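# Observations on the three-dimensional arrangement
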Protein chains: 2
Amino acid sequence: MTVQRLSMVTLGVADLARSRDFYESWGWEKRQDAQNIVFFQLNGLVLGLFSLTMLAADQARPDAVLGTGAVTLAQNYATEAEVDERFDAALSAGAVELKRPGAAPWGGSSGYVADPDGHVWELAVNPFWDLASDGSVSIPDHLPES
Amino acid sequence: MTVQRLSMVTLGVADLARSRDFYESWGWEKRQDAQNIVFFQLNGLVLGLFSLTMLAADQARPDAVLGTGAVTLAQNYATEAEVDERFDAALSAGAVELKRPGAAPWGGSSGYVADPDGHVWELAVNPFWDLASDGSVSIPDHLPES
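Note that the structure is predicted; figures quoted are calculated from it, not measured.

## A few points about the pairing of strand 7 (residues 109–114) of chain B
Residue and element names in this part refer to chain B. As judged from the five bridges shared by strand 6 (residues 96–103) and strand 7, these two strands associate in the antiparallel manner. Bridging across to strand 7, V96 finds its partner in A114. The hairpin formed by strand 6 and strand 7 contains five residues between the paired strands, and G107 there has a positive phi angle of roughly 105°. In this sheet, strand 8 (residues 120–125) lies alongside strand 7 in antiparallel orientation, the contact comprising six bridges. From the neighbouring strand, Y112 faces strand 8, where its bridge partner is E122. Here strand 7 folds back onto strand 8, and the loop between the two strands holds five residues, one of which, G118, carries a positive phi near 90°.

This is the structure:
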C-alpha cells in the first residue's frame, strides 16, 4: 500500500452555482452535479466544489474555514502560450488576477489567479518536470539535495 | 489539450523542517528536499511544502495566506481498516484529530486530521468510485444528476 496520495481536493464555496459556472466558463467539464456538490474528474483525482457551510460541518471546524488559506493549486502546461491562453480564459470567466504569467525565480514561469471564493490557482510551465497530456507530473529521479 | 487538471498542491508552512518531519513520520517518502521547499511525488501530481512567507510573496497576496482556508485534501483507501491505520499513524506523527473515522452521510466513511499548520486531510473510503492502488480515483460514467 502506497500511503502518499491525493485523491480529491474539495473547495468550500459560498455560492455553488456561481463557482460551477466559473469553472465551466474556464473550459472545464463537470462529471457529476449533485445537490450540494459538483465533481470534476481530473488527472487521477477529483476536484469537488462544496457548500462552505457543509464543508465546515463535515470537517468539524465550523469557525475555521473562512478565507482561502495557505494553499496553491497548480495547473502545469507545456508552453507559456498555453499558460497565457488559460490565464486569459480565467479572467474572462471571472477570476481575479493576482500575478500575470512571467518568469519565476525557480527557473520556470507562472501566473496566479483566484477563483470566485479566492482559491488560488497557479498556471505554470516547469521545464524540469515530466508532464503528461492530462496534467499529471512526475519529478525526475536523481535530483540533487541542496 | 485537456484543460482541467491539478498538477501540484503547495501547502504554506510555518516551519519547513517540522512539516517535513510530520509527513515523513506519517510514512511518506520525499522526492526532493531543497532549501525552501520539499517535494513529495504523489499519484500523478506533486505535493510541495513551502515556506509560508515565500508562498505569500510568490502568490502576491502577502496578507492573505494565514489560516488553513476552505480546502479539504483527501486520501482515499479501499477499506476502513486502512483508513483507521492511516488515521492513527497521523496522530502518532503529531496531527490534530478533527473527526474520528466513521460513517459519512454520503454513504462512505471518513475521518479528518489537521497537519501541524492546520491543513486538513480527509481519510476516506468511497465505495462508489474506482480506486487505483496509488490513490488515483475515477468517478464512474453515467451517474444521475440530482
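Let's pick the thread back up.
## Topic: the interface of chain A and chain B
Between chain A and chain B, the residue contacts involve 64 residues of the former and 64 residues of the latter. In terms of residues, the side of chain A that touches chain B owes the most to one element, strand 5 (residues 71–76) of chain A, which gives six residues. For the side of chain A that touches chain B, a count of residues per class yields 30 nonpolar, 23 polar and 11 charged.

## As for the confidence of the model for chain A
Counting all residues, the mean pLDDT for chain A is 82, and 90% of those residues have values of 70 or more. When pLDDT is averaged over each helix and strand of chain A, the minimum, 78, is found for helix 2 (residues 52–59) of chain A and the maximum, 92, for helix 3 (residues 80–92) of chain A.

## Thoughts on the sheet that holds strand 1 (residues 8–13) of chain B
By way of backbone hydrogen bonds, the strands of a sheet pair with one another, either parallel or antiparallel. Reading across from one edge, 6(A)-7(A)-8(A)-5(A)-1(B)-4(B)-3(B)-2(B) is the order of the eight strands in this open sheet, with mixed pairing throughout. Pairing within the sheet leaves two strands with one partner each, and these edge strands are strand 6 (96–103) of chain A together with strand 2 (32–33) of chain B. In this sheet, strand 3 (residues 37–41) of chain B lies alongside strand 2 of chain B in antiparallel orientation, the contact comprising two bridges. Pairing of B:Q32 across the sheet is with B:F39, part of strand 3 of chain B. Where helix 3 of chain A meets the sheet, its contacts fall on strand 5, strand 6, strand 7 (109–114) and strand 8 (120–125) of chain A, and the angle it forms with strand 7 of chain A comes to roughly 10°. Helix-sheet contacts for helix 1 (residues 16–25) of chain B involve strand 1, strand 3 and strand 4 (46–51) of chain B, and the interaxial angle to strand 4 of chain B is about 150°.

## Side note on the sheet that holds strand 1 (residues 8–13) of chain A
Taken in spatial order, the eight strands of this open sheet run 2(A)-3(A)-4(A)-1(A)-5(B)-8(B)-7(B)-6(B), and their pairing is mixed. The sheet terminates laterally at strand 2 (32–33) of chain A together with strand 6 of chain B, the two strands that pair on one side only. Where strand 1 of chain A and strand 4 (residues 46–51) of chain A come together, six bridges link them in parallel fashion. Within strand 4 of chain A, the position partnered with A:V13 by the bridge is A:S51. Set on the sheet, helix 2 of chain A makes contact with strand 1 and strand 4 of chain A together with strand 5 (71–76), strand 6, strand 7 and strand 8 of chain B; between it and strand 4 of chain A the angle comes to about 105°. With respect to the sheet, helix 3 (residues 80–93) of chain B is in contact with strand 5, strand 6, strand 7 and strand 8 of chain B, its orientation differing from that of strand 7 of chain B by roughly 10°.

## A few points about the nonpolar core
By size, the foremost hydrophobic cluster in this structure holds 72 residues, and its most contacted members are A:V9 and B:V9. Excluding anything up to four places from it in sequence, B:V9 contacts A:L6, A:V9, A:V71, A:L73, B:L47 and B:L73.

## Some thoughts on helix 2 of chain A
Because each turn of an α-helix spans 3.6 residues, side chains separated by three or four positions end up pointing in the same direction. Among the residues of helix 2 of chain A, those classed as buried are A:L55, A:D58 and A:Q59. Across the axial projection of helix 2 of chain A, the buried residues extend over an arc of 90°, all falling on one side. Where helix 2 of chain A is buried, its residues meet strand 1 and strand 4 of chain A together with strand 5, strand 6, strand 7 and strand 8 of chain B. Residue A:A60 follows helix 2 of chain A closely and has a positive phi angle near 60°.

Criteria and cut-off values
Residues numbered from 1 in each chain as written. Chains lettered and ligands numbered in written order. Predicted model: local features only at pLDDT ≥ 70, side-chain atom pairs only at ≥ 80, totals over all residues. Pairing = 2+ DSSP bridges. Helix = DSSP H or I, 4+ residues; strand = E, 2+ residues; numbered from the N terminus. Contact = placed C-beta atoms within 7 Å. Nonpolar A, V, L, I, M, F, W, Y, C, P; charged D, E, K, R; others polar. pLDDT = per-residue confidence, 0-100. Axes fitted to C-alpha atoms, helices over the stretch in contact; angles between N-to-C directions. Core = buried A, V, L, I, M, F, W, Y, C linked by C-beta atoms within 7 Å. Buried ≥ 20, exposed ≤ 12 C-beta atoms within 10 Å, placed from the backbone. Arc of directions from axis to C-beta.

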